[in-house]
Amino acid sequence: MRISFSCIAAVAVCAVGAAQERPVAFTGARLIPIAGPEVPDGALVIRNGKIVAAGPRQSTPIPQGAQTVNAAGKVIMPGLVDSHSHIGGVEGGDSSAPVQPDVRVLDAINARDATIQKAQAGGITTVNIMPGSGHLLSGQTIYCKLRDGNTIDDIVLRNADGTVAGGMKMANGTNSRRASPFPGTRAKSAALMREQLAKAVEYRDKVRKANGDPDKMPDRDLRLEGLVEVLDGKRIVHHHTHRHDDILTVLRLQKEFGFRVVLHHVSDAWAVADEIAKAGVGSSIILIDSPGGKIEAKDNRLVNGAALEKAGALVGFHTDDGITDSRLFLRMAALAVRAGMSREKALYGLTMANAKMLDLDRQVGSLEAGKDADFILLSGDPFSVYTKVLETWVDGVKVFDRTEAKDRLYAEGGYGASQDRASLYLDEEWMQ
Amino acid sequence: MRAAATVWAAFALALPAAAQIAVTGETVYTMAGPPIGNGMVLIRDGRIERVGPAADVKAPEGYRSFRAKVVTPGLIDARTVVGLSGYLNQDHDQDQVDRSKPIQPELRAIDAYDARETLIGYLRGYGITTLHTGHGPGILVSGQTMIVKTAGDTVEEALLKPDVMIAATLGEGARESARGASPGTRSKAIAMLRAELIKAQEAQRKRQRPAEGDKKEKEPPARDLPLEAWIQVLERQKPLLVTVNRANDILSAIRLGKEFNIRLVLDGVAEAHQALDAIKESGYPAIVHPAMQRAYGDAENIGFETPAKLKAAGIPFAMQSGFEGYVPKSRVLLFEAAVAAAHGLGFDNALSAVTIDAARLLGIADRVGSLEAGKDGDVALFDGDPFEYTSHCVGVVINGKVASEQAQ
C-alpha cells in the first residue's frame with residue numbers, strides 16, 4: 001500500500017512537461033484571446049503543450065480523437081504574465097556593494113516554495129523573479145514558467161542559445177540610498193551607475209577588438225560581463241523607479257548608454273506619462289490600496305494605468321509579490337479599470353504587455369495557434385471580485401485545480417498554506 | 001460695511017449645519033430591515049430624519065438631493081491606526097507605538113491623532129465614515145484606542161468616543177518588539193500581563209477597604225495613570241483589545257481574560273479556524289484581520305475564508321483595515337470586506353460586518369451602523385455593488401454634511 005502510494009506521489013511530483021499528445025478541446029467558454037476580440041462561445045484546442053487553435057466554437061475544427069472538455073459558462077484567457085515578483089524565496093545582492101551584476105537569483109530560488117503554488121492559484125503562468133530594490137543593481141533576474149517543478153531547472157526559461165532567460169534589476173530613488181559604499185544622494189546614485197556602465201563599454205570594446213584571440217582578451221570580469229549583456233540588449237533592465245524625476249533619470253541613462261529598459265512601479269506615471277510614451281519604453285506598474293508607506297510611493301495613484309494608456313505607452317502590471325498577493329493579480333488590473341483604464345488595455349497589461357517586456361511575446365501572452373498552452377479557466381468575468389480561478393494550465397499541463405484539496409488550500413489559505421508543496425506531499429506519504 | 005461682513009460670516013457658518021439632504025437609492029441597505037428598492041433617506045440637522053420607500057418619503061423643499069444606485073450606512077472600520085500612523089511612514093508621522101516601555105496603557109489616542117492626515121481623506125472617499133483607531137499592535141501593551149468620524153479638522157471635531165479599549169499584542173509581535181528586553185517569550189508576555197492585573201487588583205482592594213485603625217480621614221490615593229487604566233479594565237469599563245494570530249496565543253488570551261473576568265476583544269485571529277469552538281465558548285467577539293493581510297510569521301496560516309468561518313460558527317465579529325508597516329500604508333475596509341464577501345461570507349454578511357455588526361461590537365450602535373431615524377447622518381453612495389472592483393463610491397455624507405462627492 002505504501003509503495004503504491006509513493007508511486008502516485010512520484011508521478012504527481014514529476015508531472016513537469018507531461019503534456020498530452022492527445023489533443024484537448026475546451027468548448028463553450030467565453031474566450032479572451034487578447035490577440036483579438038472576445039469570443040462569447042469559443043473553442044480552445046491544445047496538443048503537446050501548444051495551442052492548436054483558439055476561436056469561435058462554430059468555426060474551430062476539433063481534431064479527431066480529441067478529448068473534449070465542456071467549459072460552457074466559464075471564461076478562458078491566457079495565463080497571466082507577472083513582470084515583477086519576489087516569489088520562490090528569492091535573494092539577490094547582499095550589502096557589500098551597490099552594484100552587483102554578477103549575482104544571479106538563479107542560485108537562490110526554492111522551486112517548491114508555497115508562494116509559487118499561490119501564484120499558480122492566482123492564474124500566473126509566467127513570471128519575472130527579481131531580487132530586491134535595496135541596490136542600484138541587485139542582480140540578474142530569471143523568467144520562469146510556473147510548472148510544478150522540483151528544481152529551478154524545471155521552471156526556468158532558456159534563450160535560444162541555451163542560456164538562462166532573464167533581465168537585470170536596477171533601482172534608483174530611496175531604497176538604494178544607504179551608508180557608504182552605497183550612494184547617499186540621487187546624483188551620486190546616477191554617477192555610480194554611469195561609472196560602472198562606462199567601464200562596461202570599455203570592457204566590451206576590448207572584447208570586440210580581441211575578436212576571439214585569447215591573448216588579446218581582457219581578464220574575465222563577471223560583473224562587467226553582466227553589464228555587457230545589458231549593453232548588448234541581451235538582458236532587459238528592469239528598473240525600480242517611483243518619483244517623477246527618478247523616472248526621467250532612468251530615461252536619461254537609457255539614452256546615454258542605449259540599453260533596453262522597462263520602468264517598474266512608476267508611482268508618478270500620471271505626472272510624466274507623455275515623457276514615458278515619447279521615450280518608447282514600457283512601464284510595468286503596481287497599483288496599491290493606499291498611497292504611501294514610503295516617501296517615494298506617496299503619490300502612487302490608481303489612475304496610472306489610464307494615464308499611460310492615454311499617452312500611448314506600453315503598460316503592464318506586476319504583483320511585486322509579497323507587496324501584493326499573486327492570488328489577487330486580476331484584481332490589480334480591475335482597479336486600473338475602476339480608475340479609467342480600458343478593459344482591453346487592462347487585460348493586455350496582465351498578459352501580452354508583460355510578455356513583450358520580457359521578450360517572451362512570441363511564446364506566451366495570448367491564445368494563438370503555436371503559442372505555449374498557458375491558460376486559465378475562470379468562473380466568471382476576470383474583473384469581478386466574485387470570480388475564482390478554477391484551473392491554471394502551463395505548457396498543456398494542469399498545475400492548479402480548485403477542486404483539488406491541496407490546490408484549494410493554496411488558493412484560500414489556511415493551516416499549512418505557507419508550507420512548501422513538497423512538504424505537503426511528504427506529510428501525506430508519511431501518513432499512509 | 002463691517003456689519004454686513006459679520007452677517008455674511010454668520011450666514012456662511014450657519015449654512016453647512018442647516019443644509020438638509022435627501023438621498024435616493026435604487027437600493028437602500030438600511031441594515032435595520034430588508035433593503036428598500038427605490039428608497040429615500042432624509043437627513044436633517046446632522047441626523048437621519050426618515051428612511052423609507054421614495055413613494056412614501058417625499059423630500060421637502062430646499063433639501064439638497066443626491067441619487068445613487070446603491071446607498072448604505074457609512075462604513076465602520078473596527079480597528080485601524082490611521083491618524084496616529086501617517087502615510088509617509090517616517091519617524092515623525094508614526095505615533096502608534098512608543099517603545100520606551102513594553103506596557104503603557106495610559107497612552108491616550110486623542111493626544112496623537114492628526115485629523116488632517118492624508119490617509120483619513122483617502123479612506124473617507126471609499127465610504128468609510130467611522131474609525132476605531134489608536135495605538136497599534138506590535139508591543140505588549142501599546143495604549144488606548146478611540147472612535148472618530150473621518151470628518152473634522154481637529155480630534156475634538158472628529159471625536160465620537162475618546163477612550164474605548166486598551167490595545168495589547170501577544171505572540172511574535174510582543175516578543176520581537178522587546179528587542180532583547182522582556183517579554184522575550186510568550187510565557188513571559190502573559191506573566192507580565194498577569195502581574196499588572198494582579199497589582200491593579202491589589203490596589204483596587206486597598207482603595208475599597210481603608211486600613212484598620214486608621215483614624216485619619218482617608219486621603220485619596222496618589223494618581224497612578226497606568227494603574228487607573230488597568231482598574232478600568234478590571235471593572236469592565238474598557239475591554240482589552242488583544243492582537244493574537246496563532247491558535248495557541250488565542251487560547252492564552254482567552255485564559256487571561258477568564259482569570260481576571262475582564263472584557264476582551266480578540267484582534268487579528270489569523271488561526272481562528274483552528275480555535276473556533278474555544279472562541280465561541282469564550283463569548284469574546286473578534287475583529288478579524290484584513291482579508292488580504294499577508295501570510296507570514298504568526299499569520300502564515302491566514303485564510304481568505306476566516307470571516308466566513310467566524311460567521312458560520314456564530315462568533316460576533318467585525319472587520320478592519322488593521323496596521324501596515326510598509327506599502328500600502330493602510331488597507332481599505334471596503335476592499336477587505338469585498339474579498340471576504342467573495343470568499344464565503346457573502347454580500348449581506350460582509351456589509352453587515354462593516355456597518356451594524358461593527359457598531360454593536362464597538363458599543364456605538366445608538367449613533368451609527370444603520371440608516372434609522374435619529375442616528376447620525378452617515379451615508380455612503382455607490383454606482384453599483386459596493387464590493388465590485390470596478391464600482392465607485394460616488395458620495396459620502398458624514399454627520400449630515402457632504403464629505404465627498406468625487407467618484408473613487
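Everything numeric in this text was worked out from a predicted model, so none of it was measured. (Residues numbered from 1 in each chain as written. Chains lettered and ligands numbered in written order. Predicted model: local features only at pLDDT ≥ 70, side-chain atom pairs only at ≥ 80, totals over all residues. Heavy atoms only, no water.)

### Some details on the sheet that holds strand 15 (residues 393-398) of chain B
All names here are of chain B. Definition in use: A pair of strands is considered paired only if DSSP assigns at least 2 bridges between the two. Under the DSSP-based scheme used, a helix requires at least four consecutive residues in state H or I and a strand at least two consecutive residues in state E, with every element numbered from the N terminus. The axes are straight lines fitted to the C-alpha atoms, using for helices just the contacting stretch, and the angles between their N-to-C directions are given from 0 to 180°.
Reading across from one edge, 3-2-1-4-14-15-16 is the order of the seven strands in this open sheet, with mixed pairing throughout. Edge strands, defined here as strands with exactly one partner in the open sheet, are strand 3 (47-53) and strand 16 (401-404). Going across the sheet, the axis of each strand differs from the next one's by a mean of 35°, ignoring polarity. Across seven bridges, the pairing between strand 1 (residues 21-28) and strand 2 (residues 36-44) is antiparallel. When the bridges of strand 2 are listed, A22 appears paired with L42.

### With respect to empty space enclosed by the protein
As a reminder of what qualifies: Only protein atoms enter the 1 Å grid used here. Points where a 1.4 Å probe fits but cannot escape make up a cavity, open sets with protein on both sides within 12 Å along at least five of seven lines make up a pocket, and a residue lines them when an atom lies within 4 Å of a point. Grid points are joined across faces, edges and corners, and a volume is the space filled by probe spheres set on the points. Polar here means any residue outside two lists: the nonpolar Ala, Val, Leu, Ile, Met, Phe, Trp, Tyr, Cys and Pro, and the charged Asp, Glu, Lys and Arg; Gly therefore counts as polar.
Overall, the coordinates contain four cavities of 30 Å³ or more when judged by the stated rule. As a volume, the largest cavity reaches approximately 250 Å³. Lining the largest cavity we find 19 residues, and of these R327, T387, K388 and V389 of chain A together with H343 of chain B sit closest to its centre. Looking at the lining of the largest cavity, the elements with two or more residues in it are helix 9 (329-338) and helix 12 (405-412) of chain A together with helix 10 (333-345) of chain B. Of the residues forming the lining of the largest cavity, the biggest block, three residues, is contributed by helix 10 of chain B. When its residues are assigned to classes, the lining of the largest cavity shows 11 nonpolar, three polar and five charged.

### A word on the side chain of S404 of chain B
Keep this limit in mind: Throughout, a contact is declared for two residues whenever any of their heavy atoms are within 4.5 Å.
The residue S404 of chain B is located in strand 16 in this model. Residue contacts for S404 of chain B: discarding those within four places in its chain leaves G125, V394, G395 and V396 of chain B.

### Looking at the nonpolar core
Heads up, the condition is: In plain words, nonpolar cores are sets of buried Ala, Val, Leu, Ile, Met, Phe, Trp, Tyr and Cys residues tied together by side-chain atoms within 4.5 Å. The cut-offs for exposure are 20% and 50% of the maximum accessible area for each residue type, with area from a 1.4 Å probe on protein chains only; residues under the lower value are buried, those over the upper are exposed, and the others partly exposed.
Core analysis: the largest hydrophobic core is formed by 194 residues, its most contacted members being I142, I276 and F317 of chain A together with Y113, L266 and M319 of chain B. If one sorts the elements of this core by residue count, helix 10 of chain B sits on top with 10 residues. Grouped together as the second largest cluster of nonpolar side chains are 16 residues, L241, I287, A358 and L361 of chain B included.

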